[in-house]
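As a plain string of letters, each chain reads:
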Amino acid sequence: MKKLILILSLLIAGAATAQDNKKSVVITEGPYLQAVGENEFTVVWKTDQDAVAWVEIAPDDGTHFYNCERPQFYQAQFGRKVIGTLHKVKVSGLKPATTYRYRIINAAALKGEKDRVRFTELRGSDVYRRQPYYVTTFDRNKSGISFAVVNDIHGKTTELETLLADAAKRKYDFVCFNGDMTSRNNTQSEVFKFYMSSASKLFAAQTPLVYVRGNHETRGAYATSLPELFPSSTGKPYYSFRQGPAYFIVLDCGEDKPDNDMEYSGLACYDQYRTEQAEWLREIAASEEFRSAPMRIVFCHIPPEIKGWHGAADIHKKFVPILNEAGVDLWLSGHIHKYKLTEAGEDGCNFPVLCNPNVCRLDAQVDANGIDVKIFDVNSTLLHTYQLKK
Ligand SMILES: [Fe+2]
């Protein structure tokens, strides 16, 4: 009996040692920026094993990141740090129009007995051999801004990387993914494989990413969980923000066909969802922040069309009357895979609706007097221009 106990003890000790020697945590995806505002930003990344994670920030003041202890921001829920592989950390209490440096840190969490947790050595983004990441908070007093939009990429990763190869150099205020980045979302790793790994590598660690769900983002086994990758200021896939002279509204279009269509396996209830969203939109349109903005721009993957497919018609019925009354300068969509400009006053909209073609990049410059749009294909050929003057 004593011999058996000894053998068991050795086995348990061996297992503990093996766990202790588990390799250090590795950052496998990201980081990328979400929900950047005047006073906050959120960083998202993944690790190869369960970890507690945090973000450290430093002012852009010329000091080395190791100059002093830096403030730490944890992912926590109701006061308890979250252990997992998907990390979403909100950094708040910041000043507008200010550049900050940040790094991400992970401590792999080894679960022990009775809810005890032990941590392996810390691993984080390098601030010694390379520069830390930079982020600049939004600024309503900035006189002019620029942004890029791509949509309907449908999993063409090489073309996406070509379109956004110079995104970091161009110093956009943000890049918008305006829907249908893939055709189906069956696993979380597909989302990274098809576009989020590319986005993180090319720009999104330092340039804010504005994510807009398309109808194809509502399809596939992972579709219900997909919004977990894109935290927003509202906690929902529809939200709003202000940068420079423009107030931006992101609408979540839902599906394009009626909810009972055979393609949705009986899971769609987007009519109800768009009604709920319209209630939110009504509040936003009445807010002082929206009303006082010199420029107002809407992102919605599906364009409103009175006589279009059900999704487009329901979007028109529920969203357009609110925005017609409130006043909008430009509505930007994709979905139809071709360029289309519906002028203000046509099809029941008091504002222009512009559809960016599939696999093209729309570059926009905005100030209080107007919007200047240029649309390029993957060969950098200028396909379309559009100017709006106020
Ligand atoms: Fe679409």
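It should be emphasised that the depicted structure is a prediction, and the values quoted were computed from it without experimental measurement.

Caption draft 1: Looking closely at the pattern of salt bridges. On inspection of all chains with the given rule, the structure shows 22 salt bridges. One salt bridge connects Glu 263 with Lys 257, and the closest N-O pair in it is separated by 3.3 Å. Here the salt bridges do not stand alone but share partners, grouping Arg 184, Arg 219, Glu 255, Asp 256, Lys 257 and Glu 263 into one network.

Caption draft 2: Examining the environment of Pro 245 more closely. Among the secondary structure elements, Pro 245 is positioned in the loop between strand E13 (239-243) and strand E14 (246-250). Here the alpha-carbon distance between Pro 245 and Met 295, two residues 50 residues apart in the chain, equals 5.8 Å.

Caption draft 3: Structural context of the pairing of strand E9 (residues 133-136). In E9, alternate side chains face the same way, and those of Tyr 133 and Val 135 are buried while those of Tyr 134 and Thr 136 on the opposite face are not. Here four bridges tie strand E7 (residues 99-111) to E9, and the two strands are oriented antiparallel to one another. Directly across from Thr 99, in E9, lies its bridge partner Thr 136.

Caption draft 4: Structural context of the nonpolar core. Counting residues in each nonpolar core, the largest one holds 74 residues, and the members touching the most others are Tyr 102 and Phe 177. Split by domain, the residues of this core number at least three in each of domain 1 (24-136) and domain 2 (144-389). Sequence-distant contacts of Phe 177, that is, excluding residues within four places in its chain, are made with Val 150, Leu 160, Leu 164, Tyr 195, Met 196, Ala 199, Phe 203, Leu 209, Val 210, Tyr 211 and Val 212. Core analysis: the second largest hydrophobic core is formed by 30 residues, Ala 268, Ala 285, Ala 293 and Trp 331 among them.

Caption draft 5: How the structure looks around helix H4 (residues 188-204). Helix length check: H4 (17 residues) gives 18 Å between terminal C-alpha atoms against 24 Å at 1.5 Å per residue, more than 12% under. The largest bend in H4 is about 55 degrees, located at Tyr 195. If you check which residues of H4 are buried, you get Gln 188, Val 191, Phe 192, Tyr 195, Met 196, Ser 198, Ala 199, Ser 200, Phe 203 and Ala 204.

Caption draft 6: Highlighting the sheet that holds strand E21 (residues 382-389). Read from one edge to the other, the open sheet built from six strands follows the order E12-E11-E10-E19-E20-E21, with strand pairing classed as mixed. Edge positions in the open sheet fall to strand E12 (209-212) and E21, since each of these has one partner strand only. Sheet twist, expressed as the average angle between the axes of neighbouring strands with direction ignored, equals 15 degrees. With seven bridges joining them, strand E20 (residues 370-376) and E21 adopt antiparallel strand pairing. Bridge pairing in E21 links Gly 370 to Lys 389.

Caption draft 7: Spatial organisation of the packing of helix H5 (residues 270-286) against helix H7 (residues 310-326). Direction vectors running N to C along H5 and H7 enclose 15 degrees, while the axes themselves pass 10 Å from each other. Judged by the inter-axis angle, H5 sits roughly parallel to H7. For the pair H5 and H7, the crossing hand works out as right-handed. Residues Asp 271, Arg 274, Thr 275, Gln 277, Ala 278, Leu 281, Arg 282 and Ala 285 of H5 lie in contact with H7, whose contacting residues are His 310, Gly 311, Asp 314, Ile 315, Lys 318, Phe 319, Ile 322, Leu 323 and Ala 326. For the contact of H5 with H7, the per-class residue count stands at eight nonpolar, four polar and five charged.

Caption draft 8: Region of the structure containing the coordination of the iron ion. All of the protein donors around the iron ion are Asp 180 (OD), Asn 215 (OD1), His 301 (NE2) and His 335 (ND1); their distances to the metal are 2.1 to 2.2 Å. Around the iron ion sit four donor atoms; with metal-centred angles ranging over 91 to 170 degrees, the donor geometry is irregular. Summarised as a motif, the one-chain spacing of the donors to the iron ion is D-x34-N-x85-H-x33-H. With Asp 180 in the loop between strand E11 (174-178) and H4 and His 301 in the loop between strand E15 (295-299) and H7, the pair connects residues that are 121 residues apart, well separated along the chain.

Caption draft 9: Main features of the domain arrangement of the protein. Partitioning the protein into structural domains gives domain 1 (24-136) and domain 2 (144-389). Computed over C-alpha atoms only, the centres of domain 1 and domain 2 are separated by 28 Å. Domain 1 puts 18 residues into the contact, and the matching count from domain 2 is 18 residues. At the junction of domain 1 and domain 2, the tally comes to zero salt bridges. Inspection of the region where domain 1 meets domain 2 yields nine residue pairs in polar contact (both at pLDDT 80 or more). Within the residue set of the side of domain 1 that touches domain 2, elements represented by two or more residues are strand E1 (27-34), strand E2 (41-59), strand E6 (84-91) and E9.

The rules behind each value
- Residues numbered from 1 in each chain as written.
- Predicted model: local features only at pLDDT ≥ 70, side-chain atom pairs only at ≥ 80, totals over all residues.
- Heavy atoms only, no water.
- Salt bridge = Lys/Arg side-chain N within 4 Å of Asp/Glu carboxyl O.
- Helix = DSSP H or I, 4+ residues; strand = E, 2+ residues; numbered from the N terminus.
- Buried < 20%, exposed > 50% of the residue type's maximum accessible area, 1.4 Å probe, protein only.
- Pairing = 2+ DSSP bridges.
- Core = buried A, V, L, I, M, F, W, Y, C linked by side-chain atoms within 4.5 Å.
- Domains from an automatic or database assignment.
- Contact = heavy atoms within 4.5 Å.
- Expected span 1.5 Å × (residues − 1).
- Bend = angle between axes of the 7 residues up to and from the residue.
- Axes fitted to C-alpha atoms, helices over the stretch in contact; angles between N-to-C directions.
- Parallel < 35°, antiparallel > 145°, perpendicular 65-115°, else oblique.
- Left-handed = near helix turned anticlockwise from the far one by under 90°.
- Nonpolar A, V, L, I, M, F, W, Y, C, P; charged D, E, K, R; others polar.
- Donors = N, O, S within 2.8 Å, 3.2 Å for Na, K, Ca; no water.
- Tetrahedral: all angles 85-135°; square planar, octahedral: opposite > 155°, others 65-115°.
- Polar contact = N/O pair within 3.5 Å; in protein donor to acceptor, adjacent residues only side chain to side chain.

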